[in-house]
Amino acid sequence: MNEQAGRLAERAQLVGGNRMELLLFHLRGRQSYGINVFKVKEILPCPQLTNLPHHGAIVRGVASIRGQTISVIDLGMAIGLPPVKSLNDSVVIVTEYNRVTQGFLVSKVDKIVNLNWKDVHPPPKATGKDNYLTAVTELNGTMIEIIDVEKVISKVHPVNERVSKGVVDDTLKLISSKYHVVVVDDSGVARNQVIRCLDEVGVQTTGLTNGLEALRYLRSIADSGKEVDDEVLMIISDIEMPEMDGYTLTTEIRSDPDLSRIQILLHTSLSGIFNEAMVKKVGANDFLAKYDADELARKVVSRINSLQQVEPA
């Protein structure tokens, strides 16, 4: 088995078990932070950086890594901390998010831990809306803060959130307002990007922060006596979320007779063939890598059009 196949096999074992692997690291001081291992391509000592004009202060420079030029972001500065003390003693975590490869400059990488998403929780409300966390967890008495990387990246590589002219025609807009889409994402930035896109399609939206919250919401509709697939056009869900991930949410929906017919689009910054395979394994209808407003809008338009087709007499 080659290295890539082995890695995919390891990742597949976590799917359905509501588990994840977290890479722990430090920025300044003893506080531990984490990001999902699946998004990490490699870890290396800070290479030589080339400064470029017109970049924000949090981009410490660009580096050539394996023939690819990538931005290196000082992750501490990006979340409001002082910069790393010394580039020579720092580490770069090379990651891929939202179809873009970038490096995160950190002081030290610690270890990889395997966790259950049930043990990962939304950040305390006391942290406020402007924090850079999507979740927190505790390991051996130590609090681990999981960074909202999509929020960080949006400062460096802002995405186009507008839907191009012609993707949604005027006829569809006349009927789209009667449809309701549930958006599930723990990142406030990512969730709002999707909702703004759907606003242009014209559908109603409900935004939720994790799979467990979404499952409870859907079951509350069913418990009220309504047909959930009549009330909800589709669910657009992230995969990585505290409490319950998108794979487990999909599995739970498919195993519930009152919910099983709901259309599910998994929408994630984790791109690649792995996720396409997992869509089939857990029973989702489709997969889309973040973030392309036109592609997302077309998925919703296609779903509406499928319901509008007149059956032959």
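Preceding this paragraph is the structure being described.
From a predicted model like this one, the values you see are computed outputs, not experimental measurements.

## Points about the overall build of the protein chain
Within the protein chain, the secondary structure is distributed over 10 helices and 16 strands. Taken against the 2.2 N^0.38 rule, which gives 20 Å for 313 residues, the C-alpha radius of gyration of the protein chain at 20 Å falls within 12% of a compact globule. The principal-axis extent of the C-alpha atoms belonging to the protein chain is close to 75 × 50 × 45 Å. Here the protein chain holds 313 residues, and the buried ones make up 52% of them. When contacts within the protein chain are restricted to residue pairs at least 6 apart in sequence, long-range pairs at least 24 apart make up 64% of them. Roughly 15200 Å² of accessible area belongs to the protein chain as shown, and the carbon and sulfur atoms make up 47% of that amount. Side chains of the protein chain carry 35 positive and 40 negative charges; the gap between the two charge centres is 4 Å.

## Structural notes on the sheet that holds strand β8 (residues 108–116)
Taking strand neighbours across the sheet as the criterion, the six strands line up as β8-β1-β2-β11-β10-β9 in an open arrangement whose pairing is mixed. For this open sheet the edge positions go to β8 and β9 (120–121), each flanked by a neighbour on one side alone. Sheet analysis places strand β10 (residues 133–139) next to strand β11 (residues 142–147), joined by six bridges and oriented antiparallel. Residue E138 lies in a different strand from β11, and its bridge partner there is M143.

## Examining the nonpolar core
L218, V228, I235, I253, L259 and L266 are the most contacted members of the largest nonpolar core, which has 27 residues in total. Secondary structure elements with two or more residues in this core: β12 (180–184), α6 (211–223), α8 (246–254), β15 (264–268), α9 (273–282) and β16 (286–289). With five residues, α6 is the largest single contributor of residues to this core. In this view, L266 contacts S237, D238, I239, G246, Y247, T250, V279, V282, A284, D286, F287 and L288; residues no more than four positions away in its chain are not counted. Counting 25 residues, the second largest nonpolar core, distinct from the first, contains L172, C197, Y291 and I304.

## Examining the pattern of salt bridges
Enumeration over the complete set of coordinates arrives at 14 salt bridges. Between K39 and E240 there is a salt bridge, with its nearest N and O atoms 2.4 Å apart. With K39 in the loop between β2 (32–36) and β3 (40–45) and E240 in the loop between β14 (234–237) and α8, this residue pair connects regions lying 201 residues apart in the sequence. The class of K39 is buried, set by a relative accessible area of 6%. Its relative accessible area of 9% is what places E240 among the buried residues. Among the ionic contacts, a cluster of salt bridges with common partners joins E150, D185, D238 and K290.

## Considerations on the packing of helix α5 (residues 188–201) against helix α10 (residues 293–308)
Two elements in contact, α5 and α10, have axes separated by 10 Å at closest approach and are oriented at 50 degrees. By the criterion of interaxial angle, the relationship of α5 to α10 is oblique. Crossing geometry of α5 relative to α10 is assigned as right-handed. Where α5 abuts α10, its residues V194, C197, L198 and V201 lie against A293, L296, A297, V300, V301 and I304. Here the residues of the contact of α5 with α10 sort into 10 nonpolar, no polar and no charged.

## Considerations on the sheet that holds β3
As summarised here, the arrangement of the five strands in space is β3-β6-β7-β5-β4, forming an open sheet in which the pairing is mixed. Each having just a single partner strand, β3 and β4 (59–65) make up the two edges of the open sheet. With strand direction ignored, the average angle separating the axes of adjacent strands in the sheet is 30 degrees. Where strand β5 (residues 68–74) and strand β7 (residues 100–106) come together, three bridges link them in parallel fashion. Paired with D74 across the two strands is L105, which belongs to β7. Running over the sheet, helix α3 (residues 149–156) touches β4, β5, β6 (91–97) and β7 and is turned about 105 degrees from β7.

## Overview of the pairing of β14
Of the two faces of β14, the one lined by M234 and I236 and the one lined by I235 and S237 are each fully buried. Here β14 runs beside β15; their pairing, made up of three bridges, is parallel. The residue bridging I235 from the neighbouring strand is I264, located in β15. For the segment spanning β14, α8 and β15, crossover handedness is right-handed.

## Quick word on the environment of N116
Note that N116 resides in strand β8. In this structure N116 comes out as buried when scored by relative accessible area, which is 18%. Note: C-alpha distance between N116 and G17 (99 residues apart in sequence) is 7.9 Å. Apart from residues lying up to four places away in sequence, N116 is in contact with G17, N18 and R19. A distance of 2.8 Å separates a polar side-chain atom of N116 from the backbone nitrogen of K118.

The rules we used
- Residues numbered from 1 in each chain as written.
- Predicted model: local features only at pLDDT ≥ 70, side-chain atom pairs only at ≥ 80, totals over all residues.
- Heavy atoms only, no water.
- Helix = DSSP H or I, 4+ residues; strand = E, 2+ residues; numbered from the N terminus.
- Rg over C-alpha atoms; globule rule 2.2 N^0.38 Å.
- Buried < 20%, exposed > 50% of the residue type's maximum accessible area, 1.4 Å probe, protein only.
- Contact = heavy atoms within 4.5 Å.
- Areas by Shrake-Rupley, 256 points an atom, 1.4 Å probe, with all protein chains shown as cover.
- Lys, Arg positive; Asp, Glu negative; His and termini not counted.
- Charge placed at Lys NZ, Arg CZ, Asp CG, Glu CD.
- Pairing = 2+ DSSP bridges.
- Core = buried A, V, L, I, M, F, W, Y, C linked by side-chain atoms within 4.5 Å.
- Salt bridge = Lys/Arg side-chain N within 4 Å of Asp/Glu carboxyl O.
- Axes fitted to C-alpha atoms, helices over the stretch in contact; angles between N-to-C directions.
- Parallel < 35°, antiparallel > 145°, perpendicular 65-115°, else oblique.
- Left-handed = near helix turned anticlockwise from the far one by under 90°.
- Nonpolar A, V, L, I, M, F, W, Y, C, P; charged D, E, K, R; others polar.
- Right-handed = clockwise from strand over helix to strand, strands pointing away.
- Polar contact = N/O pair within 3.5 Å; in protein donor to acceptor, adjacent residues only side chain to side chain.

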